[in-house]
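What the coordinates show
Chain by chain, the residues run as shown.
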Amino acid sequence: MHADSWAIKAKKLGFRSRAVFKLEEILKKTKALKDKSLVLDIGCAPGGWSELIREMNSSSKIYAIDILNIKPIEGVLFFQEDVFNIDNIKEIYSLKSKFNLVISDLAPNLSGIKTVDEEKIFDLNILTLKIAKNYLNKSDGAIILKSFQNSLLKKFRTEMEKCFHLVQTYKPAASKSQSGEIYLFGDRPL
Ligand SMILES: C[S@@+](CC[C@H](N)C(=O)[O-])C[C@H]1O[C@@H](n2cnc3c(N)ncnc32)[C@H](O)[C@@H]1O
């Protein structure tokens, strides 16, 4: 399907972003969303992924963060905050080691300078991994996060393999082929 067709489909189905189809494909393949899941959505605005989780499993409880504000979503507790300060959000901090699923579609502001941007993406990915280690349930936790195909991806994947029993890479159909974005799935923290 052409990239714009995903946007039209999202609008038709009442979703806030076309990004929902990327997450939907990965969730269906990995079966990472379970009943009554406690989900942490970081970099959530405008809220498409949180909406999708609620639609796929209404018993899920979602905590969501972004620097940008979002329109409220039923069943989603939203915090307008920089993810670097996540430990300062007491409602989330009190749930350390309890989340079943962390989803991160975080994307940094890009400078256009390749080496600088690759470092920014790597740093944000490492931060996401650290958050996952701290906040996921050890027995059945899983993470889905966005990264990019660049010279630091292999280094990041190696770091991720040190943290999870299983690591897989996904390029969903709804992800523009020229964007270079790629999604990593990590299952069961080590
Ligand atoms: C691609 S969008 C997420 C789209 C979302 N998954 C959806 O389906 O609607 C990436 C988001 O990451 C957020 N972001 C980037 N850096 C951040 C940070 N340090 N802390 C919190 N949010 C951040 C941006 O504000 C942006 O809203």
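Below is a summary of the structure that appears in this document. Source: prediction; values computed, not measured. (Residues numbered from 1 in each chain as written. Predicted model: local features only at pLDDT ≥ 70, side-chain atom pairs only at ≥ 80, totals over all residues.)

Alternating residues of strand β4 (residues 101-104) divide into L101 and I103 and V102 and S104, and every residue in both groups is buried. Sheet topology note: the strand β1 (residues 38-42)/β4 ladder contains four bridges and is parallel. Bridged to L40 within β4 is V102. Both β4 and strand β5 (residues 142-148) contribute to a ladder of four bridges, which runs parallel. Bridging across to β5, I103 finds its partner in I144. Considered for its hand, the β-α-β crossover made up of β4, helix α5 (residues 114-135) and β5 is right-handed. (Buried ≥ 20, exposed ≤ 12 C-beta atoms within 10 Å, placed from the backbone. Helix = DSSP H or I, 4+ residues; strand = E, 2+ residues; numbered from the N terminus. Pairing = 2+ DSSP bridges. Right-handed = clockwise from strand over helix to strand, strands pointing away.)

Here we take up the environment of Y135. Along the chain, the position of Y135 falls in helix α5. Under the C-beta neighbour-count criterion, Y135 is labelled buried, with 23 such atoms within 10 Å. The spacing of Y135 and L153 is 18 residues in sequence and 23 Å in space, taken between C-alpha atoms. Setting aside its immediate chain neighbours within four residues, Y135 contacts L40, L95, K96, S97, F99 and V102. (Contact = placed C-beta atoms within 7 Å.)

Attention shifts here to α5. Helix length check: α5 (22 residues) gives 31 Å between terminal C-alpha atoms against 32 Å at 1.5 Å per residue, within 8%. Summarising the contacts, the buried residues of α5 are in contact with β1, β4, β5 and α6 (153-161). (Expected span 1.5 Å × (residues − 1).)

Keep in mind these values describe shape, not function.
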